[in-house]
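Spelled out, the chains give:
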Amino acid sequence: MLLKTALLALSERRTVGEAMARLGLTRRLVRRFVAGTTAEDALAVIARLNGEGLAGAVTYLGEHVASEPAALAATQEYVRLLDMIHARNLDGVPSLKLTQLGLDLSPEICRANVVRVAERGSAVGRRVWIDMEGSAYTDRTLALYAELRPRFPLLACVVQSALRRTPLDVERLIELGATVRLCKGAYREPPSVAYPDKADVDRAYGRLATRLLAAQAEGRHVYPAFATHDERMQALARTRAEARAVEPSGYEIQMLLGIRPDLHARLRSEGLTVRVLVPYGEDWYGYFMRRLAERPANLVFLARNLARH
Ligand code: FDA
C-alpha cells in the first residue's frame with residue numbers, strides 16, 4: 001500500500017519522467033503499455049486487435065495542459081483520430097481527459113473543445129469517452145457530461161468504485177440513461193474521499209456493477225462498460241447480466257493494452273464484447289506510473305530493464 005502511494009505521488013512529478021527520458025530508459029519500459037508515439041502506431045495496434053475480434057479505444061496521452069494552444073492541439077489530434085478511424089473503418093473510439101482539453105484553464109475552453117470532438121464523433125458515428133481523473137475533477141467532469149449528453153448521445157463517461165460518492169453519481173447517470181464505464185480508480189485520494197482498503201473498492205465495484213445492470217438501468221437504456229482486468233469482477237458482471245437476461249450486446253468489458261491479454265480470447269469465446277484501450281504519445285509518464293502503482297510487482301519488470309540498461 002505504501003509503495004502504491006509512493007508511486008502515485010511520483011506519478012504527479014513530471015520532472016522524474018523527464019529525467020527518465022533523458023536517461024533513455026523510456027522506450028523499452030513504456031512499450032508494454034503504450035503503442036508508440038504517433039497516431040499511426042496506435043491505429044496499427046487497433047487494426048491488429050480488430051483482426052482478433054477485439055474492439056479498440058485510443059488515448060492520446062496527455063493531461064493538465066497549461067495553455068490554450070496546447071488544449072486546442074490535443075482537441076485537433078482527437079478530431080484527426082476520429083477521421084482516421086472512420087476512413088480505415090476501424091472498430092475504435094477515442095477516450096480523452098478533460099484536463100488535456102483545457103479543464104484547468106477554464107470550463108468554457110474545455111467545453112468548446114469537447115464539443116469539437118463530440119461533433120466529429122457524431123458525424124462519424126463513434127462514441128467519445130470522457131475519462132475520469134482525480135476527485136478534484138469529478139464534479140466538473142460529470143456536470144459537463146450531463147450538460148452535453150442530450151446534444152451528443154454518443155458521449156460516454158467514467159466513474160470510479162474507489163470513491164465514496166460514486167453510488168450517488170451512478171444513480172444520476174442511470175436517470176440520464178448514460179453510457180458509463182465503471183473502473184476502480186487509478187488516482188491517489190485521501191481516505192475521506194476514497195476507500196483506502198482495496199477490498200472495499202472491490203466490494204463497491206461489485207455493488208455498482210450490479211446497479212448498472214439492474215432492470216431500472218436497462219429500462220433507461222444505460223450502456224455499461226466494465227473496465228477491469230479483475231477476473232472476479234468480469235465474471236460478476238457476466239453473471240449479473242445473465243441472471244437478468246441482458247444480451248451480451250448490452251454491455252462490454254474494457255481492458256488496457258499490455259494487461260492480462262491472456263484473458264481476451266476466453267472473454268471473446270463467451271460472446272462478450274472486449275474493448276482494449278490503446279494509448280500513444282510522448283506524454284507517457286503519468287499514465288505509466290499509474291500502471292506501475294496498480295501492480296507494484298511491475299517494479300520487478302522495471303528493475304530488470306534498468307539492470308539491462
Ligand atoms: P486490480 O487492480 O484488482 O487488478 C486485477 C488484476 O489485473 C491484477 O491482479 C493483475 O493481474 C492485473 N493488473 C491490473 N493492473 C495491472 C497493471 N498495471 N500491470 C499488470 N497487471 C495488472 N481509471 C481512472 O481512474 N479513470 C479512468 O478513466 C480509467 N479508465 C480506464 C479505462 C480502461 C479501459 C481500463 C481497463 C481501466 C481504466 N482505469 C481508469 C484504470 C482503473 O481505474 C484501474 O486502475 C485499473 O484497471 C486496475 O484495476 P483492475 O480493475 O484491473 O483491478
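Details of the structure are given in the entry above.
So, how was this worked out
- Throughout, residues of each chain are indexed from 1 in the direction in which the sequence is written.
- The model is predicted, so local features are restricted to residues of pLDDT at least 70 and side-chain atom pairs to those at 80 or more, both for listing and for counting; the totals for chains, interfaces and linings are taken over all residues.
- The basis for every side-chain value is the complete set of non-hydrogen atoms in the structure, without hydrogens or water.
- Working definition: residue near molecule or strand if any one of its non-hydrogen atoms lies within 4 Å of it.
- Counting of polar contacts relies on pairs of N or O atoms within 3.5 Å, with two restrictions inside protein: one atom must be capable of donating a hydrogen and the other of accepting it, and residues adjacent in sequence are counted only when both atoms are side-chain atoms.
- Per-residue and other accessible areas follow the Shrake-Rupley method at a 1.4 Å probe size, with only the shown protein chains counted as cover for residues.
- Here the aromatic set is Phe, Tyr and Trp, taking the six-membered ring for Trp, and pairing holds for ring centres within 6.5 Å; pairs whose planes are under 30 degrees apart are stacked, those over 60 apart are edge-to-face, and all others are tilted.
- A run of H or I in DSSP counts as a helix once it spans at least four residues, and a run of E counts as a strand once it spans at least two, with each numbered from the N terminus.
- Think of it in three bands: with a 1.4 Å probe and only protein chains considered, a residue is buried below 20% of the maximum accessible area for its type, exposed above 50%, and partly exposed in between.
- Think of it as a cone above the ring: NZ of Lys or CZ of Arg counts as a charge over the ring if it is within 6 Å of the ring centre and within 35 degrees of the ring normal.
- Seen with its strands pointing away from the viewer, a crossover is right-handed when the path leading from the first strand over the helix to the second is clockwise.
- In this analysis, strands are considered paired if DSSP registers two or more bridges between them.
- Simply put, an axis is a line fit to the C-alpha atoms, just over the touching stretch for a helix, and the angle between two N-to-C directions goes from 0 to 180 degrees.
- Here, a salt bridge means any side-chain nitrogen of Lys or Arg that lies within 4 Å of a carboxyl oxygen of Asp or Glu.
- In what follows, a disulfide is any cysteine sulfur pair within 2.5 Å.
- Small angles under 35 degrees read as roughly parallel and large ones over 145 as roughly antiparallel, with 65 to 115 read as roughly perpendicular and the rest as oblique.
- Should the near helix be turned anticlockwise from the far one by less than a right angle, the crossing is termed left-handed; should it be turned clockwise, right-handed.
- Contacts: residue pairs with any heavy atoms within 4.5 Å of one another.
- Expected helix span is computed as 1.5 Å times (number of residues minus one).

K.L.:
Please explain the site of the ligand as it appears in this structure.
P.N.:
Neighbouring the ligand are 26 residues, the closest being Gly 185, Lys 198, Thr 228, His 229 and Glu 294. Interatomic distance of 2.8 Å between a side-chain N/O atom of Gln 160 and an oxygen atom of the ligand. At a separation of 2.7 Å, an oxygen atom of the ligand approaches a polar side-chain atom of Thr 228. Summarising the interface, the protein chains cover 89% of the accessible area of the ligand, which totals 920 Å² for the free molecule.

K.L.:
Would you take a moment to explain the packing of aromatic side chains for this structure?
P.N.:
The geometry of two aromatic rings is summed up by the distance between their centres and the angle between their planes. Counting across every chain of the model gives 6 aromatic pairs. Residues Phe 33 and Phe 288 carry aromatic rings whose centres are separated by 6.2 Å and whose planes lie at 55 degrees to one another, so their mutual orientation is tilted. One end of the pair, Phe 33, is in the loop between α3 (26–30) and α4 (39–51); the other, Phe 288, is in helix α13 (residues 285–294), and 255 residues separate them in sequence. A ring pair is formed by Tyr 60 and Tyr 78, whose centres lie 6.4 Å apart and whose planes are at 70 degrees; its orientation type is edge-to-face. In this pair, Tyr 60 is assigned in strand β1 (residues 55–60) and Tyr 78 in helix α5 (residues 68–87), connecting sequence segments 18 residues apart. Note on Tyr 78: relative accessible area 0%, which makes it buried. Among the aromatic residues, ring-to-ring pairing joins Phe 33, Trp 284, Tyr 285 and Phe 288 into one connected group. In this arrangement the basic side chain of Arg 291 is found over the ring face of Tyr 287, its NZ or CZ atom lying 4.5 Å from the centre.

K.L.:
I keep staring at the pairing of strand β4 (residues 155–160) and nothing clicks. Help me out?
P.N.:
Regular strands place their side chains on alternate faces of the sheet. When you tally the buried positions in β4, you get 6 out of 6 residues, the bulk of the element. Residue alternation in β4 divides its side chains into two sets, Leu 155, Cys 157 and Val 159 and Ala 156, Val 158 and Gln 160, and both sets are buried. Taken together, strand β3 (residues 128–130), helix α7 (residues 138–148) and β4 constitute a β-α-β crossover, and its handedness is right-handed. Bridging between β4 and strand β5 (residues 179–183) involves 4 bridges; their strand directions are parallel. Directly across from Cys 157, in β5, lies its bridge partner Val 180. The handedness of the β4 to β5 crossover, carried by helix α8 (residues 166–176), is right-handed.

K.L.:
Quick question: what am I supposed to make of the pairing of strand β7 (residues 252–256) here?
P.N.:
Of all 5 residues in β7, 5 are buried, a share of seventy percent or more. Residues Glu 252, Gln 254 and Leu 256 of β7 are buried on one face, and the alternating residues Ile 253 and Met 255, pointing to the opposite face, are buried as well. Two strands pair when backbone bridges link them, and strand β6 (residues 223–227) and β7 are joined in this way by 3 bridges, in the parallel orientation. Residue Ala 227 lies in a different strand from β7, and its bridge partner there is Gln 254. Taken together, β6, helix α11 (residues 231–243) and β7 form a β-α-β motif whose crossover is right-handed.

K.L.:
Help me understand the sheet that holds β6, please; the structure alone is not making it clear to me.
P.N.:
Sheets are built from strands paired through backbone hydrogen bonds, the pairs being either parallel or antiparallel. Strand order around the closed barrel formed by 8 strands is β1-β2-β3-β4-β5-β6-β7-β8, with parallel pairing between neighbours. For this sheet, the mean angle separating the axes of adjacent strands, direction not counted, is 30 degrees. Of the strand pairs in this sheet, β7 and strand β8 (residues 273–280) are connected by 5 bridges, and their pairing is parallel. Each residue of the ladder has a partner; that of Leu 256, found in β8, is Leu 277.

K.L.:
Hey, could you run me through the pattern of salt bridges in this one?
P.N.:
A side chain of one charge can pair with a side chain of the opposite charge if their charged atoms are brought near each other. One pass over the full model with this rule turns up 29 salt bridges. Salt-bridge contacts for Glu 77 lead to Arg 80; the nearest nitrogen and oxygen are separated by 3.2 Å. In this pair, Glu 77 and Arg 80 both sit in helix α5, 3 residues apart, roughly one turn of the helix. The exposure class of Glu 77 is buried, given its relative accessible area of 14%. Taking the relative accessible area as the measure of exposure, Arg 80 reaches 40% and is therefore partly exposed. Taken together, the shared-partner salt bridges connect Glu 231, Arg 238, Glu 242, Arg 260, Asp 262, Arg 266 and Glu 270 into one network.

K.L.:
I keep staring at the state of the cysteines and nothing clicks. Help me out?
P.N.:
Every disulfide links exactly two cysteines, by a covalent bond between their sulfur atoms. For the coordinates displayed, the defined rule picks out 0 disulfides. Looking at Cys 157, it has no disulfide partner, and the nearest cysteine sulfur is the one in Cys 183, 11 Å off. A relative accessible area of 1% means that Cys 157 is categorised as buried. Among the residues examined, Cys 183 registers a relative accessible area of 16% and is labelled buried.

K.L.:
Sorry if this is basic, but what is going on with the packing of helix α6 (residues 107–124) against α7 here?
P.N.:
Interaxial distance between α6 and α7 falls to 12 Å at its minimum, and their mutual angle equals 50 degrees. Between α6 and α7, the crossing angle belongs to the class labelled oblique. Pair α6 / α7 crosses with right-handed handedness. Contacts from Cys 110, Arg 111, Val 114 and Val 115 in α6 reach Leu 144, Glu 147 and Leu 148 in α7.

K.L.:
Help me understand helix α9 (residues 198–212), please; the structure alone is not making it clear to me.
P.N.:
For an α-helix, 3.6 residues make a turn, and residues three or four places apart therefore share a direction. Compared with an ideal rise of 1.5 Å per residue, which puts 15 residues at 21 Å, α9 spans 21 Å between its outermost C-alpha atoms and is within 8% of the ideal. Looking only at α9, the buried set comprises Val 201, Asp 202, Ala 204, Tyr 205, Gly 206, Leu 208, Ala 209 and Leu 212. For α9, the secondary structure elements touched by its buried residues are α8, β5, α10 (215–219), β6 and α11. A side-chain oxygen of the first residue of α9 lies 3.1 Å from the backbone nitrogen of Ala 199; this N-cap is Asp 197.

Purely geometric stuff here, so don't read any function into it on its own.
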